[in-house]
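Summary of structural features
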Amino acid sequence: MERTTDSVPHVKLYMPGPVEVSGKTLRALSQPMIGHRSSDFEKLYAEIHPPLQTLFGTHQPVFLSTSSAWGVMEAAIRNLVNKKVLNCMCGAFSDKWFEVSKHCGKKAEALQVEWGQPITAESVEAKLAEGGFDAIALVHNETSCGVRNPLHEIAAVVRKFPEVLFIVDTVSSFSTESIPMDEWGIDVLLTGSQKGLALPPGLAIFSVSQRAFERAASTPARGYYFDFLEFKKNQEQYMTPSTPSIPHIYALRSKLEDIFQEGLENRYARHRQLNSMVHAWVRRNGFEFFAPEGYRSLSLTCVANNRNINIAAWVKHLREKHHIAIDGGYGKIKGKTFRVSNMGDETEDSIAQLLTILDASLREMRS
Ligand SMILES: *Cc1c(COP(=O)(O)O)cnc(C)c1O
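We now turn to the structure provided with this report. (Residues numbered from 1 in each chain as written. Predicted model: local features only at pLDDT ≥ 70, side-chain atom pairs only at ≥ 80, totals over all residues. Heavy atoms only, no water.)

Looking now at the layout of surface pockets. Taking a probe equal in size to a water molecule and rolling it over the atoms shows the remaining empty space. Considering only enclosed or pocket space, the second largest pocket measures out at about 170 Å³ in volume. In terms of lining residues, the second largest pocket is bounded by 14 residues, among which Ala-69, Trp-70, Phe-93, Val-171 and Lys-195 are the most central. For the lining of the second largest pocket, the element with the highest residue contribution is helix α3 (residues 69–80), accounting for three residues. Of the residues in the lining of the second largest pocket, the class split is seven nonpolar, five polar and two charged. (1 Å grid on protein atoms, 1.4 Å probe; cavity = no way out; pocket = protein on both sides within 12 Å on 5 of 7 lines; lining within 4 Å. Points joined across faces, edges and corners; volume = space filled by probe spheres on them. Helix = DSSP H or I, 4+ residues; strand = E, 2+ residues; numbered from the N terminus. Nonpolar A, V, L, I, M, F, W, Y, C, P; charged D, E, K, R; others polar.)

In the vicinity of the ligand, the residues found are Ser-68, Ala-69, Trp-70, Met-73, Phe-93, Val-139, Asn-141, Thr-143, Asp-169, Val-171, Gln-194 and Lys-195. A distance of 2.5 Å separates an oxygen atom of the ligand from a polar side-chain atom of Ser-68. One of the backbone N or O atoms of Trp-70 is found 2.9 Å from an oxygen atom in the ligand. When the ligand is considered free in solution it has 390 Å² of accessible area, and contact with the protein chains removes 90% of it. Given that more than half its atoms are within 2 Å of the pocket grid, the ligand belongs to the second largest pocket. (Near = heavy atom within 4 Å. Polar contact = N/O pair within 3.5 Å; in protein donor to acceptor, adjacent residues only side chain to side chain. Areas by Shrake-Rupley, 256 points an atom, 1.4 Å probe, with all protein chains shown as cover. Sits in = over half its atoms within 2 Å of the grid points.)

A few words on the nonpolar core. Membership of the largest hydrophobic core comes to 80 residues, with the highest contact counts inside it found for Val-124, Phe-166, Ile-167 and Leu-190. Sequence-distant contacts of Ile-167, defined by excluding residues within four places in its chain, comprise Ala-76, Ile-77, Leu-80, Trp-97, Ala-135, Ile-136, Ala-137, Leu-138, Val-188 and Leu-190. Core analysis: the next-biggest nonpolar cluster, separate from the first, contains 24 residues, Phe-289, Leu-355, Leu-358 and Leu-362 among them. (Core = buried A, V, L, I, M, F, W, Y, C linked by side-chain atoms within 4.5 Å. Buried < 20%, exposed > 50% of the residue type's maximum accessible area, 1.4 Å probe, protein only. Contact = heavy atoms within 4.5 Å.)

Inspection of the secondary structure assignment puts Phe-41 in helix α2 (residues 39–56). The exposure class assigned to Phe-41 is buried, which follows from its relative accessible area of 0%. A sequence separation of 208 residues divides Phe-41 from Ile-249, and the C-alpha atoms of the two residues are 9.7 Å apart. Those residues in contact with Phe-41, other than ones at most four positions away along the chain, are Ile-34, Gly-35, His-36, Tyr-238, Met-239, Thr-240, Pro-244, Ile-246 and Ile-249.

With that out of the way, let us pick up the packing of aromatic side chains. Scanning the model with the defined rule gives 14 aromatic pairs in all. Each ring, one from Phe-63 and one from Phe-231, has its centre 5.6 Å from the other, and the planes form 45 degrees; the classification is tilted. Here the residue Phe-63 occupies a position in strand β2 (residues 62–65), and Phe-231 occupies one in helix α9 (residues 228–235), the gap between them amounting to 168 residues. Accessibility classification places Phe-63 together with Phe-231 in one group, the buried group. Geometrically, the ring pair formed by Trp-281 and Phe-338 is edge-to-face, given 6.4 Å between the ring centres and 80 degrees between the ring planes. One end of the pair, Trp-281, is in helix α11 (residues 264–284); the other, Phe-338, is in strand β14 (residues 337–341), and 57 residues separate them in sequence. Given the relative accessible area of 1%, Trp-281 is considered buried. Given a relative accessible area of 0%, Phe-338 falls into the buried group. (Phe/Tyr/Trp six-rings, centres within 6.5 Å; stacked < 30°, edge-to-face > 60°.)

Moving on: the pairing of β2. Burial along β2 is two-sided: the face carrying Val-62 and Leu-64 and the face carrying Phe-63 and Ser-65 are both buried. Where β2 and strand β10 (residues 204–208) come together, four bridges link them in antiparallel fashion. Residue Ser-65 lies in a different strand from β10, and its bridge partner there is Ala-204. (Pairing = 2+ DSSP bridges.)

Okay, structure coming up:
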């Protein structure tokens, strides 16, 4: 067991964010600083830009935002909504996004389903057909309840409405499965650093379509820090509007090396495989899934507590005795669910170890 200090054991994170960060990534963070207006920085950004475009499935510029994902989630609303946004709500993050739209002073409508249920393409189409919308915001993978919305089908529907820009949060699914931005007609694809990518929290990465830049140009009060057009102007010189978190960008470069060394298809297949190992454990232990079949996340598992175990006590026991962290349920489903991540650098071995510990700890809890 790696130790953070002599006496405090390292608690390995199996919760769905922040996820465990590898030693290689941590070392990448601690390289000497460079000036952010220097040619060294330009070289760094220019080097990571093509692999980022590949990962995003886009020919558009990819931007680095020194913020958490929420910065860009808010930015997308501020830059693109002139008339009214449709916020699709199916869990904690998407519910809050609706509130954020209103906090930005924008007109927003909700397409809301119960936590655990998916947003369907049919319901999106019916709602957009009511008219008046110029944007739609969707969380692809609702981390809070383990729901994976049918993004490809929803994208096809959104394209029937030429005025509606499609904003997609892929914070916990990015790089765990293929999400080709250009091909699917996504206008803003955004992610954070600390989930699918297994980097430390503090960086958001996003790309913006041509028509979304055009919309931004006609949107007043975009502010400065998150102005898409400032990002675009700076990216043309491989710069960022303000001083970025350079350590995160070193770490991202290191992570991109890992990702392309493994190969995208291998990486996606690994996530499916690890996810199915966790699913088999859930079934074997008589638990149920919080999300319905066909709409379950591939990067985490949200398990319903149908066995009525004391989840808070179990999570505490896992942390103290086994030095691993899983999540005991988010917000209003705390105690009624628990969540396990298979994002980032997990392997068959590391997930097998996790499942062995979960089994042992459930026995220990009974005795
Ligand atoms: C974690 C998460 C966010 C918020 O990320 P921050 O880094 O806290 O801004 C947004 N959306 C989803 C789906 C998430 O999982």
